[in-house]
2 protein chains.
Amino acid sequence: MTNELIGLLADKATRLRIHSINSTAEAGSGHPTSCMSAADVVATLFFHVMRYDPQDAKHPNNDRFILSKGHAAPVLYAAWAEAGIIPVQQLLSLRRIDSDLEGHPTPRLKWVEVATGSLGQGLSAGVGMALNAKGLDKLDYRTYVLMGDGETAEGGVWEAAALAAYYQLDNLAAIVDVNRLGQSQATMHGADGQAYAKKFGGFGWQTVVIDGHNLEQILAAFEQAQSTKGRPTAIIALTKKGKGVSFLEDKDGWHGKPLKKGEEVEKALRELPLTGPPRAIEIAKPSPAANGKPGRKPVAAPEYKLGDAVATREAYGAALTKLGAANPAVVAMDGDTKNSTFAEKFMKAYPERYFEGFIAEQNLVGVAVGLSKCGKVPFASTFGAFFGRAMDHLRMGAISMANIKCVGSHCGVSIGEDGPSQMALEDLALFRAIPNAVVFYPSDAVSTERLVALAAEHEGMVYIRTSRPKNPVFYRNEESFQIGGSKTLRSSGNDRLAVVAAGVTVAEAMKACDLLSKEGVAIRVVDAYSVKPVDAKGLLAAAAQSNNTLVVVEEHYAEGGLGDAVLNAVANDGVRVFKMAVQEIPRSGKPEELLDRYGLSASCIVKKVKELI
Amino acid sequence: MTNELIGLLADKATRLRIHSINSTAEAGSGHPTSCMSAADVVATLFFHVMRYDPQDAKHPNNDRFILSKGHAAPVLYAAWAEAGIIPVQQLLSLRRIDSDLEGHPTPRLKWVEVATGSLGQGLSAGVGMALNAKGLDKLDYRTYVLMGDGETAEGGVWEAAALAAYYQLDNLAAIVDVNRLGQSQATMHGADGQAYAKKFGGFGWQTVVIDGHNLEQILAAFEQAQSTKGRPTAIIALTKKGKGVSFLEDKDGWHGKPLKKGEEVEKALRELPLTGPPRAIEIAKPSPAANGKPGRKPVAAPEYKLGDAVATREAYGAALTKLGAANPAVVAMDGDTKNSTFAEKFMKAYPERYFEGFIAEQNLVGVAVGLSKCGKVPFASTFGAFFGRAMDHLRMGAISMANIKCVGSHCGVSIGEDGPSQMALEDLALFRAIPNAVVFYPSDAVSTERLVALAAEHEGMVYIRTSRPKNPVFYRNEESFQIGGSKTLRSSGNDRLAVVAAGVTVAEAMKACDLLSKEGVAIRVVDAYSVKPVDAKGLLAAAAQSNNTLVVVEEHYAEGGLGDAVLNAVANDGVRVFKMAVQEIPRSGKPEELLDRYGLSASCIVKKVKELI
């Protein structure tokens, strides 16, 4: 630590402040004061502490930086400009419709792995990356997550913090930019750095409280983070929002406000003088690391006998384990439900590739996003109902283009006596509204195994819905399935209508078909195992053969599920669609009783068909 | 604290254990061991510490008990039976389809205010109830929240804990049942009570670690909680899962497993001997409190001039303030966005009825649920996108039949340069999938004010979507609006089709109508301000007058929003529905540019109409 280094970093920090002011003023919007409080920390990280190759965004051993306080995007872009990663003049295109430099960072930019802007999610992604380094790839890169102070009110931060301590992630450091001012008022703790230190310390982290504008203290804190073993470090940086410009520093009313071009900007810049042209600063290179893709083998085929009684959740466990054998990049996580979701089969076979998430679903998804950005294919499971805890993480995961696979068990009323708090009845609505997500809903063990393997092959988010009850196997082991596919299980030349089902209702539909055929009524039965994208072509064809009448039966509320997927597929084509879904909040009872009470059983289907024909 | 009291409580605790074993064995499912670890704490609360009137579930000054670890429902039901609230024999109907005693507690039962079973939510509701006592009703009831240890991994617990300390809720106590074993494995901290104390202590709570089966220690801990001023208390109770029966105590593999009726149950019960018949125990009464309903006045009418440029989010602030003047039960909360959502107008007018939630949306909703159960009408606001953080709390809120009003601003692409992380594009899908929720989407200031007032009158969950841009006022101040209503804004005898819009797209649709009429093309424009329930009758009538062709334009993804609401309303009636929605993840840009880029602007509507006619 020399005076020269301090001088260099101070110069960089000043440039970051200048860029932040200029780019947001040009854009007419943005958060310059949030950038200015962080500038010294960011300068220290990008120009001394972090080891990375500015020419190679994808070097596997680059230190990772996550700007969890995503609204400070301009300071991140400024750091890239100063590092030579992007041209300085590009900074003035901030927030324009034709610029890659968006208001909050997105992976349109190759140096952004996870999109941020919805607060409290960055630390989870960082935990994923740190877990990968320590537990999987055995690399020495360090992960740095910069958060805002107000942001630490988010529960997701504490889910991540707890897991980081549990996994002893000493290769992870969080920096909290304690600039006292939130968006609409002062934060809960104001400038009380000790309050943050007590929280992180209480959660098992090493903590250090510093003056976030004192470069010596910043450097010392990062050194402490690097040398601390056995636990992650939280650097609580006491800062001033708008630091560097007197009329902005620590003043109310400047959150998310750009300065006005012209006089106001010039007045500010006069307080940020530069002493010369930009000086070259050497950025430490990452340690060498192979970028190898580990060998893959074919996934072992299903091995069931027709008629075997196997729950799709059980088949998931088998499928995941087979995936584990075939693809070394596949890893798994679960939220303390692994004995119910059957992720534990994978855990037992590949314990080094399994991470227990405990009861913390936001972090379950966030960590999976982080792992996916390290080239892993993470399968994260819990009860389908609890993925709702992570809706915002899934939304951001889609913006991050994260290759994660979510598996939700215990869908619908057929879970039985546990009752509505444990029943997923709106999860299809959630995942259907996530852009580019693929949604699978297998109905037997064979299709489950095939769809799980397909999910791993697919690049992008996949949701797989599994059920609790045992179900007879009715697909042959060799059967193949496609994204956007469906299967016709029963058909004749005289189908009066087609019942479209998925999961548990497929068996109910086939029972109904058998009952009706005894009465001389033929119906078609379609297994719509791909809910998104749905097999529009197949559905139209089925309808054309079945009096243009489709009855959709699903263990889900009427809004947003398979029924809506079907309706959208055949809208405007003269096909009538009738939805059989759960119409009210269900209650405890035996699985068969509930399927009947909520109108989804074979006898209910028979009744509906008779009404319609 | 006498030997006699200890003896009485020990006897009650034994009975709670016996009931838990018997009821779950009869049901063939349930979580007896989770009940048995909590039995001593529950007995102490129900038969000594809590003041409540067993004859009056709705006494406003009853101490409140929230079983956040909802799977221990049998021990709660057992406590009621022992308190004479329900007949003992009813306990054997647990989990049956015809029984009110469901697998997890629901407000079908009058002593349950908030449904639990999805972990990590009870403390938020408790914070709401404690805030009401301390800040609003000025009552002396205390609120007790019993959590599991594994449950404290949930971030929602820490959102609630932080706010409880911030608001100095010394009338709130949390008990953590540290029985070491989660569902699928030991918890993160096992039997390390200090780890929990450090977490709660780090968050500013008073903490006390006790032997959770030592009645003297339990009593002393509750006394400490009652006498502690200025901060809430966390009682860390070290327990054994399955306590009381040797072959269950602290054993793996017994989570969620009932004992088998017959030999296994008898073997267990032999270890839980009773020394006589149930003894009367006096339950302390709550302090008297008026149950008055404070006076109401009519809500002041809107006072805008046609053509005024007012954002619906601004109108929300005005509407909420008028509500505050009219209805003393209306309270408000916001997640550090009040200057953007305009909740701050209410805060300035009625600071004693406003609670700052900070950046913690799960807790924002959970606290609102708690307040609603105290007879308040809470309006909770943040950006629409961030309500996704609280999807599971909303889901449970519906099961709780909570009368909460959620207001999400910054919907759609029209927010502009901040970009996709801040844009709500799937919030209609979320709230439409919540049973019994009402969803409003006003398009101008007058309708906003009317709909906010209507929301307050309605008993049940309401979501109101507001927009960022200023919009011209086009409804007269006297206009009235209904749940399930819509308004036809433009119509003629020659409408070629009807454009159905809401929010910002209504103005775009009217612009398009004007442009088209210059070319001699007439279209109908419908403001579908009630998204759920949607005005099916009105839409069919509009379609009948418009070539049975509806074009729905919404600032939302195609899945789950207004388009799907319309599609469902007219399905099977021969009406063609075309959806104009956001088809990909958007990006930063100016609001008008983005509306155009993503196909929602007036010119896009004109283009679509021409294609269709």
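Summarised in this report is the structure supplied together with it. (Residues numbered from 1 in each chain as written. Chains lettered and ligands numbered in written order. Predicted model: local features only at pLDDT ≥ 70, side-chain atom pairs only at ≥ 80, totals over all residues. Heavy atoms only, no water.)

1. Points about the relation of the copies chain B and chain A
Thinking step 1. When chain B is fitted to chain A, the residual RMSD is 0.0 Å, and the transformation amounts to a turn of 180 degrees plus an axial shift of 0.0 Å. Taken together, the turn and the small shift mark the pair as related by a two-fold rotation axis. Across chain B, the smallest distance between a C-alpha and the rotation axis is recorded for B:G155, namely 1.8 Å.
Thinking step 2. Interface residue correspondence from chain B to chain A reaches 100%, placing this contact among same-surface, isologous pairings. (Least-squares fit on C-alpha atoms with pLDDT ≥ 70 in both. Contact = heavy atoms within 4.5 Å.)

2. Notes on the sheet that holds strand β11 (residues 438-440) of chain B
All names here are of chain B.
Thinking step 1. Pairing is mixed across the open sheet formed by seven strands, whose spatial order is β8-β7-β9-β10-β12-β11-β17. Because the sheet does not close on itself, it has two edges, and the strands there are β8 (354-356) and β17 (530-532). Strand-to-strand twist across the sheet, computed as the mean angle between neighbouring axes with direction ignored, equals 20 degrees.
Thinking step 2. As judged from the three bridges shared by strand β7 (residues 330-334) and β8, these two strands associate in the parallel manner. From the neighbouring strand, M333 faces β8, where its bridge partner is F355. (Pairing = 2+ DSSP bridges. Helix = DSSP H or I, 4+ residues; strand = E, 2+ residues; numbered from the N terminus. Axes fitted to C-alpha atoms, helices over the stretch in contact; angles between N-to-C directions.)

3. Comments concerning the side chain of A:S447
Residue and element names in this part refer to chain A.
Thinking step 1. In this structure, S447 sits in helix α15 (residues 445-457).
Thinking step 2. With relative accessibility at 0%, the residue S447 sits in the buried group.
Thinking step 3. Within the structure, the side chain of S447 is placed 2.7 Å from the side chain of D444, a separation counted as a polar contact.
Thinking step 4. Non-local contacts of S447, meaning those with residues more than four positions away in its chain, are made with P442, Y475 and F481. (Buried < 20%, exposed > 50% of the residue type's maximum accessible area, 1.4 Å probe, protein only. Polar contact = N/O pair within 3.5 Å; in protein donor to acceptor, adjacent residues only side chain to side chain.)

4. Points about the nonpolar core
Thinking step 1. In terms of nonpolar packing, the biggest core is built from 183 residues, with A:L123, A:F200, A:W205, B:L123, B:F200 and B:W205 touching the most fellow members.
Thinking step 2. A:L123 has contacts with A:S68, A:V145, A:M147, A:V157, A:A160, A:A161, A:L172, A:A174 and A:W205, leaving out every residue within four places of it along the chain. (Core = buried A, V, L, I, M, F, W, Y, C linked by side-chain atoms within 4.5 Å.)

5. Some remarks on the pairing of β7(B)
Thinking step 1. A large share of β7(B) lies buried, amounting to five of its five residues.
Thinking step 2. Of the two faces of β7(B), the one lined by B:V330, B:A332 and B:D334 and the one lined by B:V331 and B:M333 are each fully buried.

6. With respect to the sheet that holds strand β18 (residues 549-557) of chain A
Residue and element names in this part refer to chain A.
Thinking step 1. Pairing in this open sheet of five strands is mixed, and the strands run β14-β16-β15-β18-β19 from one edge to the other. Lying at the two open borders of the sheet, with one neighbouring strand each, are β14 (487-490) and β19 (576-582). Between one strand axis and the next, the sheet turns by 25 degrees as a mean value, whatever way the strands run.
Thinking step 2. Relative to strand β16 (residues 524-527), β14 runs antiparallel, the two being bridged by three bridges. Directly across from T488, in β16, lies its bridge partner V526.
Thinking step 3. Its contacts with the sheet put helix α16 (residues 504-518) on β14, β15 (498-501), β16 and β18, and the angle it makes with β14 is roughly 35 degrees.
Thinking step 4. Most of the contacts of helix α17 (residues 536-544) go to β18, to which it runs at about 130 degrees, and overall it touches β15, β16 and β18.

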